[in-house]
Amino acid sequence: MKLAILSDIHGNIFALEAVLEKISQIGVDRIIFLGDFTGYYYHSKEVFDRLLELDATMILGNHEHMLFDCADGILDAEALRQKYGSGHKLALKQFTDSELDSVRKLPEYHLETINGFSIGCFHGSPFDPNFYLYPNASTEILSKCDIGIDFIFVGHSHYPFITKLGHGQLVNVGSVGQSRITGGLASWCLVDINRGTLDLQSTYYDTLSLLRLVDQYDPDIDYLSKVLKRGVYEE
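Residues numbered from 1 in each chain as written. Predicted model: local features only at pLDDT ≥ 70, side-chain atom pairs only at ≥ 80, totals over all residues. Heavy atoms only, no water.

Enquirer: Please explain the nonpolar core as it appears in this structure.
Expert: As a rule of thumb, nonpolar side chains are buried together in soluble globular proteins. In this structure, Leu6, Ile23 and Tyr41 are the most contacted members of the largest nonpolar core, which totals 49 residues. Counting 16 residues, the second-largest nonpolar core is a separate cluster that includes Ile32, Leu34, Ile119 and Val171. (Core = buried A, V, L, I, M, F, W, Y, C linked by side-chain atoms within 4.5 Å. Buried < 20%, exposed > 50% of the residue type's maximum accessible area, 1.4 Å probe, protein only.)

Enquirer: Is there a simple way to think about the packing of helix 3 (residues 62–71) against helix 6 (residues 97–104) in this case?
Expert: How two helices sit against one another is set out by the angle between their axes and by the gap between those axes. Two elements in contact, helix 3 and helix 6, have axes separated by 11 Å at closest approach and are oriented at 140°. It follows that helix 3 is oblique to helix 6 by the angle criterion. Crossing angle aside, the handedness with which helix 3 passes helix 6 is left-handed. Contact residues: Glu64, Leu67, Phe68 and Ala71 in helix 3; Leu100, Val103 and Arg104 in helix 6. Considered class by class, the residues forming the contact of helix 3 with helix 6 number five nonpolar, no polar and two charged. (Axes fitted to C-alpha atoms, helices over the stretch in contact; angles between N-to-C directions. Helix = DSSP H or I, 4+ residues; strand = E, 2+ residues; numbered from the N terminus. Parallel < 35°, antiparallel > 145°, perpendicular 65-115°, else oblique. Left-handed = near helix turned anticlockwise from the far one by under 90°. Contact = heavy atoms within 4.5 Å. Nonpolar A, V, L, I, M, F, W, Y, C, P; charged D, E, K, R; others polar.)

Enquirer: What is the right way to look at the sheet that holds strand 2 (residues 30–33) in this model?
Expert: In a beta sheet, neighbouring strands are held together by backbone hydrogen bonds and run either parallel or antiparallel to one another. Taken together, five strands build an open sheet; the order of strands is 3-2-1-9-10 and the sheet is mixed. Edge positions in the sheet fall to strand 3 (57–58) and strand 10 (197–204), since each of these pairs with one other strand and no more. With four bridges joining them, strand 1 (residues 2–6) and strand 2 adopt parallel strand pairing. In the strand pairing of strand 2, Leu6 is matched with Phe33. Set on the sheet, helix 1 (residues 13–26) makes contact with strand 1, strand 2, strand 9 (185–192) and strand 10; between it and strand 9 the angle comes to about 30°. (Pairing = 2+ DSSP bridges.)

Enquirer: Can you help me understand the packing of aromatic side chains in this one?
Expert: We describe a pair of aromatic rings using the distance from one ring centre to the other and the angle between the two ring planes. The tally for this structure, following the rule as stated, stands at 13 aromatic pairs. Seen from their ring centres, Phe37 and Phe48 are 5.0 Å apart, and the 45° between their planes marks the pair as tilted. Residue Phe37 is located in the loop between strand 2 and helix 2 (44–53), and its partner Phe48 is located in helix 2; the two are separated by 11 residues in the primary sequence. Under the relative-accessibility criterion, Phe37 is labelled buried at 1%. Exposure remark for Phe48: the relative accessible area of 5% places this residue in the buried category. Between the aromatic rings of Tyr134 and Tyr159, the centroid separation amounts to 5.6 Å while the plane-to-plane angle is 65°, which identifies the pairing as edge-to-face. Highlighted residues: Tyr134 in the loop between strand 5 (117–121) and helix 7 (139–145) and Tyr159 in the loop between strand 6 (151–154) and strand 7 (161–164), separated in sequence by 25 residues. Relative accessible area serves as the criterion here: at 34%, Tyr134 is assigned to the partly exposed category. (Phe/Tyr/Trp six-rings, centres within 6.5 Å; stacked < 30°, edge-to-face > 60°.)

Enquirer: Honestly, the sheet that holds strand 5 in this entry has me stumped. Any pointers?
Expert: As summarised here, the arrangement of the five strands in space is 4-5-6-8-7, forming an open sheet in which the pairing is mixed. A single partner strand is all that each edge strand has here, and the edge strands are strand 4 (110–114) and strand 7. Between one strand axis and the next, the sheet turns through 15° on average, direction left out of account. As paired strands, strand 4 and strand 5 are joined by five bridges and run antiparallel to one another. Looking at strand 5, one finds that Thr113 is bridged to Ser118.

Read these as geometric descriptors, not functional statements.
Right, here's the structure in full:
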């Protein structure tokens, strides 16, 4: 059985479709999504619907909670836009109340065992959904992640890496929709659960259409375009 572990799509349908095309070519059996289908970019509903169509296993990320807080009047949508772009504001228009209620029912994490391998799926970390795990995480932090699970999958920081724990491995799958390393490369993880192997993937997508939308919706937020040009795509 092959699994595709995705995280942090952030409304970037262009990156998601490129990854799904690659997944189709490989012949993946299941998709697991670690949260943050919304925030930053502009096709939250389309992203969510595609994951539903593919019967993906999904958990919540911090940007979903921001979306809920906007819907409930706890957070101001325009203030959130100034920090993260128009993704949340557009999502509030794209989802009906009943559809948003169904999103609220998604779990915070997911645990299962497949072919004898235990799998733990979390957004930020096993001990805090909002904690950022980076490749240079300290021994102390990594020890908190060592919870006796064979494969621990996380996202949130947008930096992919694999590290060995006392028991099992910690895998940050990176971000499909907004790599913080190289613009135009969607990061995710391919898992062959029969063989117990992990392979971090980088899938190219064309950022031009998304950059045009950034100019349309958020021309005042330089970061949204700069991060898409980062690395070899940087101007």
